[in-house]
Amino acid sequence: TTSSWHKDAVAGAVHPITHTPLANGGYVRTCIDVSRVKRAELDMKRLNTNFIAMLDNATDFIYFKDADSRILFCNQAMARITGHSDWRQMIGKHDFEIFPPETARIYNEEEKPVFEKGCPVAGKINPYYDESGAKGWVETYKWPVFADDGTTVNGIFGISRDVTERVLLEKALARSNAELEQFAYVVSHDLRQPLRMVSSYCTLLKRDMGEQMSEQAGEFMDFIVDGARRMNEMMVSLLEYSRVGRGGEPMTLIDSRAMAEEALRFLAPLIQDHKAHIGLDGDWPMVWASANEMTRLFQNLIGNALKYQEPETVPEIALHCRRHSGEWLFDVSDNGIGIEQSQIGRLFKVFQRLHPADCYEGSGIGLAVCRKIVERHGGHIWVTSAGLGQGSSFSFTLPFTDGQAPPGL
Ligand code: ADP
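Below is a short write-up of the structure. Quick caveat: nothing in here was measured; it's all calculated off a predicted structure. (Residues numbered from 1 in each chain as written. Predicted model: local features only at pLDDT ≥ 70, side-chain atom pairs only at ≥ 80, totals over all residues. Heavy atoms only, no water.)

So, on to the overall build of the protein. Scanning the protein for helices and strands turns up 11 helices and 14 strands. In terms of overall dimensions, the protein is more spread out than a globule: its C-alpha atoms have a radius of gyration of 35 Å, far above the 22 Å expected for 409 residues. Projected onto its principal axes, the C-alpha positions of the protein cover 145 × 50 × 35 Å. Expressed as a percentage of its 409 residues, the buried residues of the protein come to 35%. Considering only contacts within the protein whose residues lie at least 6 apart along the sequence, 57% involve residues at least 24 apart. (Helix = DSSP H or I, 4+ residues; strand = E, 2+ residues; numbered from the N terminus. Rg over C-alpha atoms; globule rule 2.2 N^0.38 Å. Buried < 20%, exposed > 50% of the residue type's maximum accessible area, 1.4 Å probe, protein only. Contact = heavy atoms within 4.5 Å.)

Attention now moves to the sheet that holds strand S6 (residues 135-146). Read from one edge to the other, the open sheet built from five strands follows the order S4-S3-S7-S6-S5, with strand pairing classed as antiparallel. Every other strand in the sheet has two partners, leaving strand S4 (71-74) and strand S5 (121-129) as the edge strands with one partner each. Averaged over all neighbouring strand pairs, the angle between strand axes comes to 25°, with direction disregarded. In terms of strand pairing, S5 meets S6 through seven bridges, oriented antiparallel. Bridge pairing links Val121 to Lys142 in S6. Here helix H5 (residues 164-190) sits on the sheet in contact with S5, S6 and strand S7 (153-162), set at roughly 120° to S6. (Pairing = 2+ DSSP bridges. Axes fitted to C-alpha atoms, helices over the stretch in contact; angles between N-to-C directions.)

Turning our eyes to something else, we now look at the site of the ligand. The full set close to the ligand counts 21 residues, and Asn304, Tyr308, Arg353, Gly364 and Leu367 are the nearest of them. The side chain of Arg353 places a nitrogen or oxygen atom 2.4 Å from an oxygen atom of the ligand. One of the backbone nitrogen or oxygen atoms of Ser363 is found 2.9 Å away from an oxygen atom of the ligand. Its free accessible area being 530 Å², the ligand has 98% of it covered by the protein chains. Within the residue set of the shell around the ligand, elements represented by two or more residues are helix H10 (291-307), helix H11 (366-376) and strand S14 (392-399). It is H10 that contributes the most residues to the shell around the ligand, three residues altogether. For the shell around the ligand, the class distribution of residues is nine nonpolar, nine polar and three charged. (Near = heavy atom within 4 Å. Polar contact = N/O pair within 3.5 Å; in protein donor to acceptor, adjacent residues only side chain to side chain. Areas by Shrake-Rupley, 256 points an atom, 1.4 Å probe, with all protein chains shown as cover. Nonpolar A, V, L, I, M, F, W, Y, C, P; charged D, E, K, R; others polar.)

For the structure shown, the criterion picks out 24 salt bridges. Here Glu181 makes a salt bridge to Lys372, at a shortest N to O gap of 3.2 Å. With a gap of 191 residues between them, Glu181 in helix H5 and Lys372 in helix H11 connect regions that are remote in the sequence. Note on Lys372: relative accessible area 13%, which makes it buried. Because the salt bridges share partners, they merge into one network encompassing Lys65, Asp95, Glu110, Glu111, Lys124 and Lys142. (Salt bridge = Lys/Arg side-chain N within 4 Å of Asp/Glu carboxyl O.)

Turning to the nonpolar core, a few remarks are in order. In this structure, Met294, Phe298, Ile302, Phe330 and Phe396 are the most contacted members of the largest nonpolar core, which totals 43 residues. For this core, the element with the highest residue contribution is H10, accounting for seven residues. Contact partners of Ile302, with chain neighbours within four places excluded, come to Ala263, Leu264, Leu267, Ile317, Leu319 and Val332. Of all hydrophobic cores here, the second largest spans 17 residues; its members include Leu55, Met90, Ala104 and Tyr128. (Core = buried A, V, L, I, M, F, W, Y, C linked by side-chain atoms within 4.5 Å.)

A few words on the sheet that holds strand S13 (residues 381-384). Strands sit in the order S9-S11-S12-S14-S13 across an open sheet of five strands; the sheet is mixed. This sheet does not close on itself; its edge strands, each paired only once, are strand S9 (277-282) and S13. Neighbour-to-neighbour, the strand axes of this sheet turn through a mean angle of 15°, independent of strand direction. Along the sheet, helix H8 (residues 256-266) makes contact with S9, strand S11 (316-324) and strand S12 (327-334), crossing S9 at roughly 175°. The strands touched by H10 within the sheet are S11, S12 and S14, with S14 carrying the most contacts at an inclination of about 170°.

This brings us to a nonpolar patch on the surface. Residues Met197, Tyr201 and Leu204 make up a contiguous nonpolar surface patch of about 320 Å² in total accessible area. Relative to the elements of secondary structure, Tyr201 occurs in helix H6 (residues 192-209). A relative accessible area of 52% means that Tyr201 is categorised as exposed. (Patch = residues over 30% accessible without salt bridge, like charges linked within 9 Å, V, L, I, M, F, W, Y side chains within 5 Å.)

Before going further, it helps to spend a moment on the packing of aromatic side chains. One pass over the structure, following the stated rule, counts 15 aromatic pairs. Among the aromatic residues, ring-to-ring pairing joins Phe51, Phe64, Phe73, Tyr141, Trp143 and Phe157 into one connected group. When the ring centre of Phe400 is taken as origin, the NZ or CZ atom of Arg323, which lies over that ring, is 3.5 Å away. Its guanidinium or amino end placed over the ring of Tyr241, Lys372 lies 4.5 Å from that ring's centre, counting from NZ or CZ. (Phe/Tyr/Trp six-rings, centres within 6.5 Å; stacked < 30°, edge-to-face > 60°. Lys NZ or Arg CZ within 6 Å of the ring centre and 35° of its normal.)

This is the structure in structure tokens:
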């Protein structure tokens, strides 16, 4: 008898079926090739070994749960922080049996929408306690596991990563920013009172001394008063800057186009004075934002586009919005005096101006306020200009929102 095997056959993977003796003393043996079954077995074994290696070694917390939120299996890191020497001891347990009630409640609550609506949990920062009882933070992702019908959620797959260091740094940064803002507020608010005294007593002194004061001394007095006036303006600007985000106005879903139009209404007299042409087109979304701050942002950018123009030029300003790389991209472009490439890095910093106050009025805070507003809303801002006399285009992004608050806001 001869046997011929296909080239992918697994060695020895035959299963005898019949053995029929022949009259001449020989026999006929029939076998079936079970290579495919054998290979599937080997693949399963390898997958299982790899899977166990992952569960044993991964440092993130990985877990699968059934429809009752009980653990089907999890990894060793997760077993360790809950005081189990082997992850197999966790099978069948519920969060309330393994975590302190305070954190178990949080984890359990967030799973309800996963089971009810199939909505994943994405990047949620949760507290947790490690094996020594020390409090840390994890960034949690949980996805629904669907039954064969493709719609019923019959389990959850989750990964939580320790982000304690990052969260502590963010908290420290937020604290230090809050202190700095408080400092800027106090400086700008409280120092205006003594400054007013300097200015008004100099004015009174000059008036009081009248003819007795030399012409030069009178001029010096005027310098003092003028300096105090400018300092007061700077403090008012600083106050405005430090107030961004302090208004207490909650973020809501608002129409970005309506915010731009509101800014145009505020600027209407200036637009008329300059006989400016304003265009507004593109795809304007609903965004998750503070309405006042968005209006202020457009007002500052459009105000600058009107202001930084050669005297005889009719301002042409284009407002545009479109979706780009998963974000909303807004542009405010003008045909104004343009910006030298080397100066671009300075513009968004507090009190940075490229022009002296006698050419173009201003305090140098407008773009810093814009940056603060945009960053607070999870976006970034920049400017492009082909150079002096070539106009400028200020662009900023806002996170894409699908009728929901972006994570982290
Ligand atoms: P301010 O207008 O009060 O000076 P900003 O912070 O709004 O303060 O602007 C900072 C500087 O950026 C301005 O002094 C000006 O030099 C430059 N700048 C802003 N907008 C434009 C623009 N549209 N075109 C040219 N330069 C601009």
